[in-house]
Amino acid sequence: MPSRNMPPKRTAPRRIDGPSPAKRPAPSIHLDAGFKWNLQALANAADAVENGGKSPVSALNELGVRVTYTVVRQGGPAHCPSFTVAVHVADMTFEGRGHSKRDARAAAAKSCLSALLARAGRVLPAPPMHQDFTSDELARSPPSEFQCVEPKVKNTKTVVVVPPTPTTMVFGASAPAPAHKSPINTLYENYPGLSFLCTFGDGSPLESAQPPLQLNHSMRFKVVCYIKDQKFEGYGSSKKLAKLAAAHAALGQLAERTPQPHAAPALPQPLADHVAKLVNEKFNELMKDDIVHSKRKVLAGIVIVTNNQTNNAKVIAVTTGTKCVSGEHMSVRGRALNDCHAEVAARRCLQRHLYAELYKYANSPNPTLPIPDSDLEPVTGGGYQLRPDRRVFLYVSTAPCGDGRIFSPHEQNEPEPDKHPNRLARGQLRTKIESGEGTIPVKNSGLIQTWDGVLQGERLLTMSCSDKVARWCVVGLQGALLSRLLRPVYPHALVLGSLLHPHHMYRAICGRIEGHISSLPPPFRLQRPMLARAASAEARTPARAPSFSVCWCCTSPTPEIVNATTGKLDNGQPSLLCKQSMFARWQYLVRRLPLLPQDPSSGVPVQPLPPNLDSLLYNEAKDLCTEYQLAKACLLQAFARGSLGQWVHKPLEQDQFVCDILAAAPQALFA
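Residues numbered from 1 in each chain as written. Predicted model: local features only at pLDDT ≥ 70, side-chain atom pairs only at ≥ 80, totals over all residues. Heavy atoms only, no water.

Peer 1: How do you make sense of the side chain of Asn338 when you look at a structure like this?
Peer 2: In this fold, Asn338 is placed in the loop between β11 (313-320) and α8 (342-363). By relative accessible area, which is 12% here, Asn338 ends up buried. At a separation of 3.0 Å, a polar atom in the side chain of Asn338 contacts the side chain of Gln654. Those residues in contact with Asn338, other than ones at most four positions away along the chain, are Cys324, Val325, Lys579, Lys650 and Gln654. (Helix = DSSP H or I, 4+ residues; strand = E, 2+ residues; numbered from the N terminus. Buried < 20%, exposed > 50% of the residue type's maximum accessible area, 1.4 Å probe, protein only. Polar contact = N/O pair within 3.5 Å; in protein donor to acceptor, adjacent residues only side chain to side chain. Contact = heavy atoms within 4.5 Å.)

Put into C-alpha cells, the structure is as follows:
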C-alpha cells in the first residue's frame, strides 16, 4: 500500500544535452505501522518549533499525518488545574502535561516530534523546566516532562552557556528572583472551603445601579474573605488588589496565632489593618455628602487604642493635605496654619482633643481625682499624663515627606539595608518649599528666615514631615504649651498605607539621632515607634494635589475645610487649630489646673507663671516649659553632631503675639 505520507514527487528538469541523471531518494524514516516520513520535513518542523516560528501542534499537523488528541486526565485545585493530553500518531501514543489543555497539547506534540527526530539521530533542545508556582521549593524535574508511552524515548539535556554581556560585566550578575507564592494560593491550600465576597468600598453590592461616588481611590472595592467562622476584609482600587489585601489580612492575623520564637517585636498586623480601616472609614463617613472635598492625596489619622485591643480603638483625628501656607499669608496674630500637611494637621487635632480632656478636669469639683471616661489621669504632685493602657497610633496613607521617603521602592532587593549609611543623602534634614511638593536638603550654614525677606519674595521654608515626626519622638506630640500641664505623649506606632521601607523609615524617625542624642531631661526620652504597613495598600495617584485640607477632631461632629494657601477657612475665619486658639485654651486651663512640677535636677531654673497672663506673648508662654525647651535643644544638637543640617525656624515675628480671645465661651473654645 502506498504511504499516505509520501511528499508529492518533484519532476526534475530534463537536460537537453544528455539523458537525465538517476534520481536520489529523499532521506526518510520508517514507522512500525508502515508510515514513512521525510526527514527533511521533520527537520524543518523542528527548526520552526525551535525558533518559535510555529507551535509544536501546528508543526505536527503540517507533516500530513492523521493526528488525534485526547484528554486523559484532569485534576488539581481550581486555582491550579492540571491536564494530561495524549496524541495518537500511527500506532504510537505520546502524553504531555500542562496547566491548560492548550499547554498539554503542545507538550504532547513536542514529545512526538522529539521521538521521531530521535530515531533520525537528532535531538530537539530540552524544553524549559516546568515549575509549579504553588510549590514552596523550586521544581527539581528532569529536562523534559513529556512522557512517551509507546515507545519511550529518552531525551538528552543540552546545556547552553550564555556569554556575559557588558551590562553583566559592569553591574554583576543579577540574583535570580525568589519564587514567591501568592497569598491567595496559600489560603486555598491551607484553608480549603474559604470564600471571597466582593462589594463596593462602602459595602453596597456590585449590582447597584449607581456606584458610590464619594469613595476614595484606594477604597473603591472591598473584599471579605470568609474562613470558617472568621472574616477578613481588604480594600483596593481594583477587585484584584482588594482580594489580595484581604488575603494578606487573613494570613497576617492567622500567623499571629502561631508563636514565632526569636522574632523582633513588631506591631501585630491585624491591629495595624484595623487602625488603617478605622481612619479610612471615618473619612468616607465624613465626606459622604461632600464629593468636592473628598478628593485627597494624603490621608492621616490618629487612633487611641486601649490595651492593644481592636474593639477598644477610638479615632481621634482624620486629616488630609499636602500644602503649606503662602508667604504673603503669614499671620502676626497666630491666626493662620503654617503647615497643612495631613500628618501635621492630625497632630494639632490630637492637641485639640487633649485640651478637651483637660477641660473635663477643669470643670470637675476636684481636678486631682481621676475621671473614668477620660484618656488622661492626674499625676501625684500636679499635672496629668496619658493613661498607661492608652496607646497613640499615627496612620499616614504614604511615607511622610522628607528623609523617610528618599528611596526607590523597586530597588529593595539588596543584601544589606543600606550600603552607604553615611552619605550625604541619608538622614539629612529637609524642608518643604512654598507653592510646591517635595523637599530639599537644608544648608549647614544655618539659614535664618526673616519676615520682610519672605514678604519680598523669598520662599517660605517649612521642615519636612519626617523631621517633625523625629521631633515628636523626642519632645512628644503635646507641644510646648501643654508640657506645663501634661507629660510627654509619644506615638506608639506608625502605620503607613504605602511606601514603607523599614530601614529608611526607622532611620528617618529615630535611627539617625540615637547615636548622637544625650542628656535628655526626664520625663523626655527617645521614643522608637513600631512600624507597620496596612494590608490594603494605597495606590499611587499622580494627579495634582488639592489646595485644601480636611481637618476633623473627635470633639466636633463636622470637619473644618482649611484653605492651605491662606491657612484659614474658606470664609476667612481662623481655624480652631491655629496658634491663637491653642493659646486661648492654654490660658484658660493654667488658671484652673495644677501645673506639672519641673525637675530641679535638670539644672534649668523653673520659671513661674507671670501674674498677668493677658500680656504674655505666645513665644514667652512656650519658653515657660524649661524641660521641653531643653529636650528640644538636645534634639537640635544631635542633628548638628551627626552633620545632618540645622533646623530652619520661621521668622521670629510669627510667635510674638498676645492672646486675643479673652471672652469666648468655654463650650465653644473647647468644642
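More follows now that the structure is in view.
Peer 1: When you look at the packing of α8 against helix α10 (residues 465-475) in this model, what are you seeing that I'm missing?
Peer 2: When two helices pack together, their arrangement is given by the angle between the helix axes and by the axis-to-axis distance. Contact pair α8 / α10: the axes reach a minimum separation of 9 Å and the direction vectors enclose 35 degrees. Packed against α8, whose contacting residues are Glu343, Val344 and Arg347, the element α10 presents Cys465, Lys468, Arg471 and Trp472 at the interface. Across the contact of α8 with α10, the residue classes tally to three nonpolar, no polar and four charged. (Axes fitted to C-alpha atoms, helices over the stretch in contact; angles between N-to-C directions. Nonpolar A, V, L, I, M, F, W, Y, C, P; charged D, E, K, R; others polar.)

Peer 1: I'm lost on the packing of aromatic side chains in this one. Help?
Peer 2: We describe a pair of aromatic rings using the distance from one ring centre to the other and the angle between the two ring planes. Applying the stated rule across the entire model yields 12 aromatic pairs. Seen from their ring centres, Tyr359 and Phe670 are 4.5 Å apart, and the 15 degrees between their planes marks the pair as stacked. Of this pair, Tyr359 sits in helix α8 while Phe670 sits in the segment after α16 (666-669), and the two are 311 residues apart along the sequence. The exposure class assigned to Tyr359 is buried, which follows from its relative accessible area of 14%. For Phe670, a relative accessible area of 6% gives the class buried. Plain terms: the ring middles of Tyr618 and Phe657 are 4.9 Å apart, the flat faces sit at 15 degrees to each other, and that makes the pair stacked. Pair noted here: Tyr618 is in helix α14 (residues 618-623) and Phe657 is in the loop between α15 (626-641) and α16, with a separation of 39 residues, a long-range link. (Phe/Tyr/Trp six-rings, centres within 6.5 Å; stacked < 30°, edge-to-face > 60°.)

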